[in-house]
Amino acid sequence: MKLNARDARAFFSKPDAKRTGLLIYGPDAMRTAMRRQEVIAALVGPQGEEEMRLTRIPASELRKDKAMLMDAVTAQGFFPGQRVAFVEEANDTVFPSVEAAVKEWREGDAFIVITAGQLKPTSKLRKLFEGHNNSYAAAIYADPPGRDEIEAILKKAGIADVATDAMSDLMDLGRILDPGDFRQTVEKLSLYKHGDMTQVTPEDVANCAPMTSEAGIDDALDIVAEGRFGEIGPILTKLEGQGIQPVRLCIGANQHFRKLFAAASDPGGPKAGLARARPPVPYVRKDRLARQARGWGAPKLEQALKLLTDTDLQLRSAQPIPQMALVERAMIRLAMMARN
């Protein structure tokens, strides 16, 4: 049977051990692994592996010994408690072994967990679990976590009282971080607030969140947008030394000023406009970008976007021009506009 996203989250946290098994598949190996860990932990508990109630079977080994899964499913454990037979990195090459184990499964046997990469609708494994009346198949996609999922992660970490603005920042983080980094950030936040009974604030989230990978370009664009033209030359030289191409800088500037224009034009004000920006603006930059948008205003930002569009066209032309010098000139002109 297929599990939709909401039912899948509920099953992952509280799996029914009377079911035959679960197939978890999707293009993101980390997301799949995290869900698999959650299911197995819920089934066998923290001591399951030590008590040999979890049997791990790589798909490569199962291809060599087709009876491994059947043996693991039907074996009698030395310790009492639920058992799990887990096959990782599976695909249709292990289908005969998985099909045999699923068909021969009886109540009291080990729960079967299979993980796989992206599977086509025609996949034999998918069809087996989707068509079986006592098994589940769950697709894991690279969607950001919803509010209910973030609340569940916070609850598990022992974080209960979160301010509205801080929750908004955590949801933004969920969109821009991969699941592992997001969970590590929540764990760090839990340690940061240990013994502190006050509400989690945006400042707490900011203190625990990782730095963005685009920090160098962001610094340069902040210098430009804030009219600090004397600092433009040195930071562009530094970025050029790091291998940042002029076209990449121009694209980044275009994206930055488009966000400022959308923020300055929003009827609800700059913060409302930035909240709707896609891709989302990192929470640590929202206040700064809101100040920039207010300082520029929509009419001046429209002129800035025209200048950047003209610069981009010149960069992409066949003319032999010094590209970094062209970008630096555009940046200085923008900074001068910010001061006027």
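Report on the accompanying structure. For clarity, every value in this text was computed on a predicted model and none was experimentally measured. (Residues numbered from 1 in each chain as written. Predicted model: local features only at pLDDT ≥ 70, side-chain atom pairs only at ≥ 80, totals over all residues. Heavy atoms only, no water.)

A look at the packing of aromatic side chains
No. 1: Across all of its chains, the model carries three aromatic pairs by this definition.
No. 2: Arranged with centres 5.3 Å apart and planes meeting at 85°, the rings of Phe78 and Phe79 form a pair that is edge-to-face.
No. 3: Take Phe78: its relative accessible area is 72%, and that puts it in the exposed class.
No. 4: The ring of Trp296 has Lys300 lying over it, and the distance from NZ or CZ to the ring centre is 5.6 Å. (Phe/Tyr/Trp six-rings, centres within 6.5 Å; stacked < 30°, edge-to-face > 60°. Buried < 20%, exposed > 50% of the residue type's maximum accessible area, 1.4 Å probe, protein only. Lys NZ or Arg CZ within 6 Å of the ring centre and 35° of its normal.)

Structural notes on the packing of helix α5 (residues 95-104) against helix α6 (residues 124-131)
No. 1: Direction vectors running N to C along α5 and α6 enclose 15°, while the axes themselves pass 10 Å from each other. Relative to α6, α5 is oriented roughly parallel. Considering the relative orientation of α5 and α6, their crossing is left-handed. In contact with Phe95, Val98, Glu99 and Val102 of α5, α6 contributes Lys124, Leu125, Leu128 and Phe129.
No. 2: The residue inventory of the contact of α5 with α6, partitioned by class, reads six nonpolar, no polar and two charged. (Axes fitted to C-alpha atoms, helices over the stretch in contact; angles between N-to-C directions. Helix = DSSP H or I, 4+ residues; strand = E, 2+ residues; numbered from the N terminus. Parallel < 35°, antiparallel > 145°, perpendicular 65-115°, else oblique. Left-handed = near helix turned anticlockwise from the far one by under 90°. Contact = heavy atoms within 4.5 Å. Nonpolar A, V, L, I, M, F, W, Y, C, P; charged D, E, K, R; others polar.)

A look at the pairing of strand β4 (residues 84-90)
No. 1: Burial analysis of β4 places five of its seven residues in the buried class, the great majority of the element.
No. 2: Pairing between strand β3 (residues 54-58) and β4: five bridges, direction parallel. Note that in β4 the partner of Leu54 across the bridge is Val84.
No. 3: Handedness of the crossover is the feature at issue here: the chain leaves β4, passes through α5, returns alongside strand β5 (residues 111-116), and the resulting connection is right-handed. (Pairing = 2+ DSSP bridges. Right-handed = clockwise from strand over helix to strand, strands pointing away.)

Here we look at the packing of helix α12 (residues 232-241) against helix α17 (residues 323-339)
No. 1: Between α12 and α17, whose axes approach to 10 Å, the crossing angle comes to 145°. As for the relative orientation of α12 and α17, their crossing is right-handed in sense. Only Met324, Glu328, Met331, Ile332 and Ala335 of α17 make contact with α12, whose side of the interface consists of Ile232, Gly233, Leu236 and Glu240.
No. 2: For the contact of α12 with α17, a count of residues per class yields six nonpolar, one polar and two charged.

Thoughts on unusual backbone geometry
No. 1: A positive phi is found at Met52, a non-glycine position, where the angle reads about 60°.
No. 2: Counting through the fold element by element, Met52 comes out in the loop between α2 (29-44) and β3.
No. 3: Look at Met52 and you get exposed, because its relative accessible area is 57%.
No. 4: Here the phi dihedral of Glu89 falls at roughly 60°; this positive angle occurs in a residue that is not glycine.

Brief notes about the sheet that holds strand β2 (residues 21-25)
No. 1: One open sheet accounts for six strands, arranged β1-β6-β2-β5-β4-β3; its pairing is parallel. Edge positions in the sheet fall to β1 (2-3) and β3, since each has one partner strand and no second.
No. 2: Where β4 lies against β5, five bridges are found, and the strand directions are parallel. Each bridged residue has a counterpart across the sheet, and for Val84 the counterpart in β5 is Phe111.

Let's talk about the pairing of β2
No. 1: Among the five residues in β2, five count as buried, and that is most of the element.
No. 2: Of the two faces of β2, the one carrying Gly21, Leu23 and Tyr25 and the one carrying Leu22 and Ile24 are both buried.
No. 3: Pairing geometry for β2 and β5, over five bridges, is parallel. Bridge pairing links Tyr25 to Ala116 in β5.
No. 4: Inspection of the sheet shows β2 paired to strand β6 (residues 135-139) by five bridges, in the parallel sense. Each bridged residue has a counterpart across the sheet, and for Leu23 the counterpart in β6 is Ala137.

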